[in-house]
Structure formats: C-alpha cells, structure tokens
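Each chain is listed here by its residues.
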Protein chains: 2
Amino acid sequence: MESRVGISVTLEVVCGKWKGLILWKLLQDESLRFNALRRSLDGNISSRILARELKQLMNDGLVERIDHQTVPPHVEYRLSSYGRSTASFLHAMNQWGIKHQEEMRAVQSYPGRTGDESTP
Amino acid sequence: MESRVGISVTLEVVCGKWKGLILWKLLQDESLRFNALRRSLDGNISSRILARELKQLMNDGLVERIDHQTVPPHVEYRLSSYGRSTASFLHAMNQWGIKHQEEMRAVQSYPGRTGDESTP
DNA sequence: CGGCATCCCGTCCGATACTG
DNA sequence: CAGTATCGGACGGGATGCCG
C-alpha cells in the first residue's frame, strides 16, 4: 500500500508558483488579511489567483479563514495548527533554494559544465 | 535584494508532477537507466516527459548523464553530488506527505470541516 | 475590503508513432 | 534501449472588470 510516495502528496499540496510562498508568509506573520497577504507576496499575485490558492489550502486543512463579519469586510487568514507542521519541509526548501541560487551563479561564471542551452 | 524567497527557487526546480519523484528514486537507487527509472516511477510517465524532466534536472546541475557509448545504447542517470543535497528537503517532504495522507483520511471520516466537494 | 466572472495564453502532461 | 516528433487536452496563471 506504500506505492504512494510522500513526495507526490506534498507536491500536490504546495506545488505551483504561489502555495509554498503563501504558507511561508503565514508562517512568519501569524495572521494576515487578504490584501495584506497579497501585497506581501513577492511581486504581483492577482486576487483571483490568491483566492483560489487559499481555497485549496483551506480544503487541505492547512489554512483557516476568520471572517469578522463586519462592514467593510475584515477577513483574516492564518495557518491551522496542522498547517504549521509544513514548517518542517518549508524551512529545508528555503535553505536549499537560497544555496541553489548561489550555486547557479557560480556555475554560470565558470562555463565548464555542459554549455548546452545554446544548442537547439 | 533578499526579495527572492528560497521557497520559490526550490519550487521552480522540483515543482510539477514528476521531478520530485525522480530525484527521490535517484536518491535511493544511486544509478538508473532510462527505462528502469521510467518503470520505477509510480505509474506511467511517458518517455517524452521523462526525457524532458531529466534534461531540466541536468540543466539545474542535479542529475548527471553517463552514456556508455555502446550499441545498443546504455545510458545511466545519477544524482550529482550537488543533487544529493536535495535530500535535505525531500526527506522532510516525504515524511510530511505520508502524514498528510493519514490526516486527510481522518478528516474525511469526520465530515465536519467544509463538506463541499460535492458542490459542482 | 474581499472576493467572483470572463477571457486568454503558455505550460504541463499524456498517448501514439517513429528513429538510431 | 534511449530517446524524438506530433498531436491534443487540461490546468495554471495573468489582466480586467464588476459586485456585495
């Protein structure tokens, strides 16, 4: 029954351009409103995309939505206690990503690896 | 300049349905031939996709290709020493993925969360 | 403020067939 | 055995506009 590899499951949850980043921000900031989260994300995520990603994360039980039922609306998003467990691999991914950037820069400085991206 | 979050970089490398799995297999098996790797992957990855993923992983310096220059062809793929460093987060992702499966099963047994997947 | 509706495009992914 | 060529569908992601 262990045919399903954990990696695949995790990738289904955090894959894509934004989900990992959203979880990362919520790990740091504890609680964020929709547009605050939106602006805190690197460049420019459209509200449509952010809403969709948040829905999926909620569906996976990682993110909780607190609607204060006020006018104008005040909605907060935060990680569930279970969502916080993603820190276990997100930290590792972050560390590795930072190192990878440096590695790639170094490699490109010494063009002795494959030098192939110019071969169509 | 630290606007670039490590998570994003890592996701660019590992994201998608197969890349994480491929790295995972190569972490376990040390060296695999094309079709052996292909068959070892969960279900059914087409050779076209596998070839593309391997190219991208090679381009990122994670996978090395050893062509034995024989007829019939004998090509092996293995992780570079740098590629092995992905173990740092792949293990964490695997652990979490396995637990997540159980968690999701438990949640679905107690339909008190959102109970909306039946709404088309 | 916090979304949803629409349109649109590029990429991902799969099946099949074919080559050296 | 180790791929490439071609086709096509599905999905992710972005731009814009509107609504409660």
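We now turn to the structure provided with this report. Counting restarts for each chain, with residues numbered from 1 along the sequence as it is written. The naming scheme follows written order: chains are lettered A onward, ligands numbered 1 onward. Per-residue local features are limited, in this predicted model, to residues with pLDDT of at least 70; the limit for side-chain atom pairs, both in listing and counting, is 80 or more; totals at the level of whole chains, interfaces and linings are taken over all residues. With hydrogens and water excluded, all non-hydrogen atoms of the structure serve as input to the side-chain values.

Neighbouring DNA strand D are 20 residues; Lys17(A), Trp18(A), Arg48(A), Arg65(B) and Tyr77(B) lie closest to it. In this text, near means that some heavy atom of the residue lies within 4 Å of the molecule or strand in question. Near the protein, meaning within 4 Å, the atoms of DNA strand D are sugar or phosphate in a fraction of 62%, with bases accounting for the rest. Between a phosphate oxygen of DNA strand D and a side-chain N or O atom of Arg33(B), the distance comes to 2.9 Å. Here a polar contact is recorded for every N or O atom pair within 3.5 Å, except that within protein the pair must consist of a potential hydrogen donor and a potential acceptor, and residues adjacent in sequence are included only if both atoms are side-chain atoms. Contact distances for DNA strand D include 2.3 Å between a phosphate oxygen and a side-chain N or O atom of Arg65(B). Numbering of helices and strands starts at the N terminus; helices are DSSP runs of H or I of at least 4 residues and strands are runs of E of at least 2. Breaking the surface near DNA strand D down by element, the ones donating at least two residues are helix H4 (47–59) of chain A together with helix H3 (34–40), helix H4 (47–59) and strand S3 (75–79) of chain B. Charged means Asp, Glu, Lys or Arg here, nonpolar means Ala, Val, Leu, Ile, Met, Phe, Trp, Tyr, Cys or Pro, and polar covers whatever is left, Gly included. Residues that form the surface near DNA strand D fall into these classes: eight nonpolar, three polar and nine charged.

Contacts are assigned to residue pairs that have any heavy atoms within 4.5 Å of one another. Residue-level contacts link 40 residues of chain A with 40 residues of chain B. Carbon and sulfur atoms make up 66% of the surface buried where chain A meets chain B, a total of about 3600 Å² over both sides. Summed over both partners, the accessible area lost on bringing two parts together, with a 1.4 Å probe, is the buried area. Considering only the side of chain A, the residues that lose the most area to chain B are Ile7(A), Met93(A) and Trp96(A), jointly responsible for 20% of the buried surface there. The salt bridge definition used is simple: a Lys or Arg side-chain nitrogen within 4 Å of an Asp or Glu carboxyl oxygen. Joining chain A to chain B, the criterion identifies zero salt bridges. Where chain A packs against chain B, one counts 12 residue pairs in polar contact (both at pLDDT 80 or more). Top element by residues in the side of chain A that touches chain B is helix H5 (residues 87–109) of chain A. It accounts for 14 residues.

Time to look at the relation of the copies chain A and chain B. The fit set for superposing copies consists of C-alpha atoms from residues with pLDDT of at least 70 in both; the fit itself is least squares. With an axial shift of 0.0 Å and an RMSD of 0.1 Å, the rotation relating chain A to chain B amounts to 180°. In short, the pair behaves as if placed about a two-fold rotation axis. Here 98% of the interface residues in chain A have copies in chain B that are interface residues too; the copies meet face to matching face.

Residue and element names in this part refer to chain B. The rule for pairing is simple: two strands pair if DSSP sees at least two bridges between them. Pairing is antiparallel in the open sheet, where three strands are placed in the order S1-S3-S2. The sheet is open, and its two edges are formed by strand S1 (32–33) and strand S2 (63–67), each paired on a single side. Sheet topology note: the S2/S3 ladder contains five bridges and is antiparallel. Within S3, the position partnered with Ile-66 by the bridge is Glu-76. Across the sheet, helix H2 (residues 19–29) is in contact with S1, S2 and S3; its angle to S3 comes to roughly 95°. Lying on the sheet, H4 is in contact with S2 and S3; it crosses S2 at an angle near 110°. To define axes, lines are fitted to C-alpha atoms, for helices over the stretch in contact only, and angles between the resulting N-to-C directions are given on a 0 to 180 degree scale.

With that settled, consider the sheet that holds strand S1 (residues 32–33) of chain A. Residues and elements named next belong to chain A. A sheet is described by the order of its strands in space; here three strands give the open sequence S1-S3-S2, paired in antiparallel fashion. Edge strands, defined here as strands with exactly one partner in the open sheet, are S1 and strand S2 (63–67). Strand direction decides the pairing type here: S1 and strand S3 (residues 75–79), joined by two bridges, are antiparallel. Across the sheet, the residue bridging to Arg-33 is Glu-76, located in S3. The sheet contacts of helix H2 (residues 19–29) involve S1, S2 and S3, and relative to S3 the element is tilted by about 95°.

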